[in-house]
Amino acid sequence: MRKKHAYLAIALLLLIFVGCQKLDESIEPGLSNGNTIKVDTIGGALFHSIPYQHHNVIIKQVDDKYFFSDDIQISRRQFNLLRSGGLAEYTKPRSAIIDDFTYRWSSGEWRYLIASTRRTEILQAIQMIADVSNITFIELTSNPGHSNYVTIVDDNSEGTSFSNHIGCEPGNKELHLHSSQGVGTIAHEILHSLGIFHEQTRPDRDNFINVFIDRLPSDPTVRYQYNINPLSRGVGGFDFESIMLYPSVRNGVTIMERKDNTTWGFQRSYLSTGDIQGLAALYGDKFPIQGPTSFCNSATYSISNLPVGASVSWAVSNTTLASLAPSGSAVTITRSAYGSANLLATVLFNGNSIVVTKPIILVYKQPTITVNGGNTWGGSKFYIIGNTEPGTSYRLEVTTPSGSVYTALGEVSLDQLGKYWVRLYLTNSCFTEKLVHTSSFISVDDGGPIH
Ligand SMILES: [Zn+2]
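Residues numbered from 1 in each chain as written. Predicted model: local features only at pLDDT ≥ 70, side-chain atom pairs only at ≥ 80, totals over all residues.

### Points about the overall build of the protein
Here is step 1 of the chain: The secondary structure content of the protein amounts to eight helices and 28 strands.
Here is step 2 of the chain: Taking all 451 residues of the protein together, 29% fall into the buried category.
Here is step 3 of the chain: By sequence separation, contacts in the protein at least 24 residues apart represent 63% of the contacts at least 6 residues apart. (Helix = DSSP H or I, 4+ residues; strand = E, 2+ residues; numbered from the N terminus. Buried ≥ 20, exposed ≤ 12 C-beta atoms within 10 Å, placed from the backbone. Contact = placed C-beta atoms within 7 Å.)

The following block contains the structure:
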């Protein structure tokens, strides 16, 4: 009888346990690649530790709220993506992962409702972002009847301002403003809403900085502020000026440092070059460069919507490839060599420096040919490798000793003794059937049995 009760008690415990774990629905089947999740309970919150490379991504869970850091909440959907991220990383293209994880605001339109007393500062923060980005800010005066907007409220309860969402996630979206924090922090929270994470959480951060997690208290409530988000993307180099970067020293202890062991402070006054590039990567350039993606000899590029008072300077990433002749908001580029480069426009506007980049191809590039199996009796294969360009077609021609011509790529049987010629022609917007490669080889009798 006692035994039966014991079984019952175990069964009840199991039921309760399974009920609690339901939130977890645990580790998705795909996580058989060794990923496990450790869960700590501290002060009524659950801390999920998701292994990623040699890091732990720590997510704090309070009821059905998931915190990526103190000022960023992610949705349950995003939490589940992070849990399966270790697998997704190897099975999906990186851009798909990012798009799945962070929903963009449709057409770059950010809708907001001010339910805060700090209207002037909110509008200043919005202006700060509008000056340098392609975002359209649309103020609502009442609930529009859908969820694609953000309500901005005053809230001192959490000790910090925060965004309860990252990107245009379905559901209720709010920014909570703490009275001690000013315009720059409001802009910082709006960038979270637009889909931007903290600079120190980018997945490639270890290439740029050292992070000493061990110097923090072992309590995950602090450590999770230094999470990596494996499903995000670093745009450009690590930006030490970013409005999204934490200071490197915390309570007198160096938690992060540059690779040269120097530390940094932090700023909440302006959007840095990297912040602007991050927004441009998500929502397009504020000042897109107009012009062709490739050209033969010269081409003109321009910025068409340059506002009054703005100026632009032009540069090309590889000065050996082209020379520039700027003229106001336009530039004419003349090719001096073949290759690929970035055209860079730096727009100075309202005290901001906005760098716009456009990849250009100065056609053509010289492809390389390899011949596999030449100089022996039997089959031979021909390949074009490397340096091929989109928009260019290639035709390989192999002439046998008797004058027969093969034009298909692939195997050509060396069934005649003597000299074979290999020629490669290219056709693109600049050239038609331009001969770019000639080589030859001799087919000799190798003494094999078949004649
Ligand atoms: Zn933040």
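### Considering the UniProt feature "active site" (unreviewed entry) in the protein
Here is step 1 of the chain: Under the UniProt annotation, the feature "active site" (unreviewed entry) is placed at E189.
Here is step 2 of the chain: You can see E189 is positioned in helix 6 (residues 183-194).
Here is step 3 of the chain: Among the residues examined, E189 registers 25 C-beta atoms within 10 Å and is labelled buried.
Here is step 4 of the chain: Apart from the residues within four sequence positions on either side, E189 is in contact with D71, S161, F162, S163 and L175. (UniProt positions renumbered as here; feature names shortened; annotations may be inferred.)

### Description of the sheet that holds strand 20 (residues 339-349)
Here is step 1 of the chain: On the basis of which strands lie adjacent, the open sheet formed by four strands has the order 15-21-20-17 and mixed pairing. Looking at strand neighbours, the two that pair on one side only are strand 15 (294-295) and strand 17 (311-316), the edges of this open sheet. (Pairing = 2+ DSSP bridges.)

### Here's the deal with the sheet that holds strand 25 (residues 405-406)
Here is step 1 of the chain: Spatially, 25-24-27-28 is the arrangement adopted by the four strands of the open sheet, whose pairing is antiparallel. Across the chains shown, the open sheet's two edge strands, defined by having one partner strand only, are strand 25 and strand 28 (434-443).
Here is step 2 of the chain: Across two bridges, strand 24 (residues 393-399) lies against strand 25 in antiparallel orientation. Bridged to V398 within strand 25 is Y406.

### A short note on the environment of V347
Here is step 1 of the chain: For V347, the position within the fold is in strand 20.
Here is step 2 of the chain: Its 22 C-beta neighbours within 10 Å are what place V347 among the buried residues.
Here is step 3 of the chain: For V347 and I303, which are 44 residues apart along the polypeptide, the C-alpha to C-alpha distance reads 9.4 Å.

### Brief notes about the nonpolar core
Here is step 1 of the chain: Core analysis: the largest hydrophobic core is formed by 68 residues, its most contacted members being I59, A125, I129, A187, I190 and L194.
Here is step 2 of the chain: In terms of domain composition, this core takes at least three residues from each of domain 1 (34-282) and domain 2 (285-362).
Here is step 3 of the chain: Not counting the four nearest positions on each side in its chain, I129 is found in contact with I135, A187, I190 and L271.
Here is step 4 of the chain: Within the second largest apolar cluster, five residues are counted, among which are V398, Y420, V422 and L424. (Core = buried A, V, L, I, M, F, W, Y, C linked by C-beta atoms within 7 Å. Domains from an automatic or database assignment.)

### Brief notes about helix 2 (residues 76-83)
Here is step 1 of the chain: Within the sequence span of helix 2, burial applies to Q78, F79, L82 and R83. For helix 2, the angular spread of the buried residues around the axis is 145 degrees, confining them to a single face. (Arc of directions from axis to C-beta.)

### Observations regarding the packing of helix 5 (residues 119-130) against helix 6
Here is step 1 of the chain: For the pair helix 5 and helix 6, the least separation of the axes is 8 Å and the interaxial angle reads 60 degrees. The angle between helix 5 and helix 6 places the two elements in the oblique class. For the pair helix 5 and helix 6, the sense of crossing is right-handed. Facing E121, I122, Q124, A125, I126, M128 and I129 of helix 5, the residues of helix 6 in contact are V183, I186, A187 and I190. (Axes fitted to C-alpha atoms, helices over the stretch in contact; angles between N-to-C directions. Parallel < 35°, antiparallel > 145°, perpendicular 65-115°, else oblique. Left-handed = near helix turned anticlockwise from the far one by under 90°.)

### Focus: the confidence of the model for the protein
Here is step 1 of the chain: Taken as a whole, the protein shows an average pLDDT of 83; of its residues, 80% reach a score of 70 or greater.
Here is step 2 of the chain: When the criterion is pLDDT under 50, residues 1-34 qualifies, and its contacts beyond four places in sequence or with other chains add up to 14 contacts. (pLDDT = per-residue confidence, 0-100.)

### Considerations on unusual backbone geometry
Here is step 1 of the chain: One non-glycine residue, N251, adopts positive backbone phi at about 50 degrees.
Here is step 2 of the chain: Looking at the element boundaries, N251 is found in the loop between strand 12 (249-250) and strand 13 (253-254).
Here is step 3 of the chain: Residue N261 is not a glycine yet carries a positive backbone phi of 70 degrees.
Here is step 4 of the chain: Relative to the assigned elements, N261 resides in the loop between strand 14 (256-258) and helix 8 (273-283).

### Section: helix 8
Here is step 1 of the chain: Of all eleven residues that make up helix 8, nine are buried, and the element is covered over most of its length.
Here is step 2 of the chain: Regarding helix 8, the residues found buried are G274, D275, I276, Q277, G278, L279, A280, L282 and Y283.
Here is step 3 of the chain: The inward-facing, buried residues of helix 8 contact helix 6 and strand 21 (352-362).
Here is step 4 of the chain: At the C-terminal side of helix 8, G284 shows a positive phi close to 90 degrees.

### Quick word on the pairing of strand 19 (residues 330-335)
Here is step 1 of the chain: Examined bridge by bridge, strand 16 (residues 298-302) and strand 19 share five bridges and lie antiparallel to one another. Among the inter-strand pairings, Y301 is bridged to a residue of strand 19, identified as V331.
Here is step 2 of the chain: Note that strand 18 (residues 322-327) and strand 19 share six bridges and pair antiparallel. From the neighbouring strand, P326 faces strand 19, where its bridge partner is V331.

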